[in-house]
Amino acid sequence: RLISHLRLQLHNNKKSCSYLKKDCYAILFFYLKQSRITDSMNNLKYKRVLLKLSGEALMGSDAFGVNPETISEIVSEIKLMVDSGVELAIVIGGGNIFRGVALGSKGMDRATADYMGMLATVMNAIALQDAMKHIGIISRVQSAIKIEQIVEPYIRGKAIRYIEDNKVVIFA
């Protein structure tokens, strides 16, 4: 029902985004139109927002991977959120790179498939962080997987501190 409502809103507002896939644009669209995040006085309703981006949102019109134009569009809209004062954290998926469920159902050990999917989320998080850096958004990537040469380990207190310091935290 929410997706139908969003499609109607998109049509009525003539908002055109090349990455309109599934639910990945829902929060971004509502934020941009300020129908859910701000009140009638244009004050922020929410100080902190957790945005879930599916990995598929990064594909754009490509069959897999990260489409440069699409990620630039997404990051531009994220910048609007950050510039308005919202403290933002992002959970990103990895479905554009790897689908663990698919291989798990075809005989691959489910834990192995899940680990591969987790690495795909790290790859997407790094791509998102890089795109953010290019337009001046300071961000940090945290993961439960210990790969400290690439991303920080998830530490709740550190994540909160980053968010309070107006840094976007990307959870992979």
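What comes next is a walk through the structure. Note that the coordinates shown come from a computational prediction; the quantities given were computed from them, not determined experimentally.

**A closer look at helix H5 (residues 110-134)**
For H5, spanning 25 residues, the distance from its first C-alpha to its last is 37 Å, which sits close to the expected 36 Å at 1.5 Å a residue. For H5, the set of buried residues is Ala113, Gly117, Ala120, Thr121, Val122, Asn124, Ala125, Leu128, Ala131 and Met132.

**Comments concerning the pairing of strand E3 (residues 139-143)**
Among the five residues that make up E3, four are buried, leaving the element largely enclosed by the rest of the structure. Bridge analysis of E3 against strand E5 (residues 168-171) gives four bridges, and the strand direction is parallel. Following the sheet pairing, Val141 is matched in E5 by Ile170. The pairing of E3 with strand E4 (residues 152-153) spans two bridges and is parallel. Across the sheet, Gln142 pairs through a bridge with Glu152, a residue of E4.

**Section: the nonpolar core**
Among the nonpolar cores identified, the biggest contains 27 residues, and Leu53, Ile78, Leu88, Ile90, Leu128 and Met132 are the most heavily contacted of them. Of all the secondary structure elements, the ones that give two or more residues to this core are strand E1 (48-53), helix H3 (68-83), strand E2 (87-92), H5 and E5. At six residues, the largest contribution of residues to this core is made by H3. Counting six residues, the second largest nonpolar core, distinct from the first, contains Ala89, Tyr162, Ile163 and Val169.

**With respect to the packing of aromatic side chains**
For the structure shown, the criterion picks out one aromatic pair. Between the aromatic rings of Tyr154 and Phe171, the centroid separation amounts to 5.7 Å while the plane-to-plane angle is 70°, which identifies the pairing as edge-to-face. With a gap of 17 residues between them, Tyr154 in the loop between E4 and helix H6 (156-164) and Phe171 in strand E5 connect regions that are remote in the sequence. Residue classification places Tyr154 among the partly exposed positions, given a relative accessible area of 44%. Across from the ring centre of Tyr162, 5.5 Å away, lies the NZ or CZ of Arg140, which sits over that ring.

Conventions and cut-offs
- Residues numbered from 1 in each chain as written.
- Predicted model: local features only at pLDDT ≥ 70, side-chain atom pairs only at ≥ 80, totals over all residues.
- Heavy atoms only, no water.
- Helix = DSSP H or I, 4+ residues; strand = E, 2+ residues; numbered from the N terminus.
- Expected span 1.5 Å × (residues − 1).
- Buried < 20%, exposed > 50% of the residue type's maximum accessible area, 1.4 Å probe, protein only.
- Pairing = 2+ DSSP bridges.
- Core = buried A, V, L, I, M, F, W, Y, C linked by side-chain atoms within 4.5 Å.
- Phe/Tyr/Trp six-rings, centres within 6.5 Å; stacked < 30°, edge-to-face > 60°.
- Lys NZ or Arg CZ within 6 Å of the ring centre and 35° of its normal.

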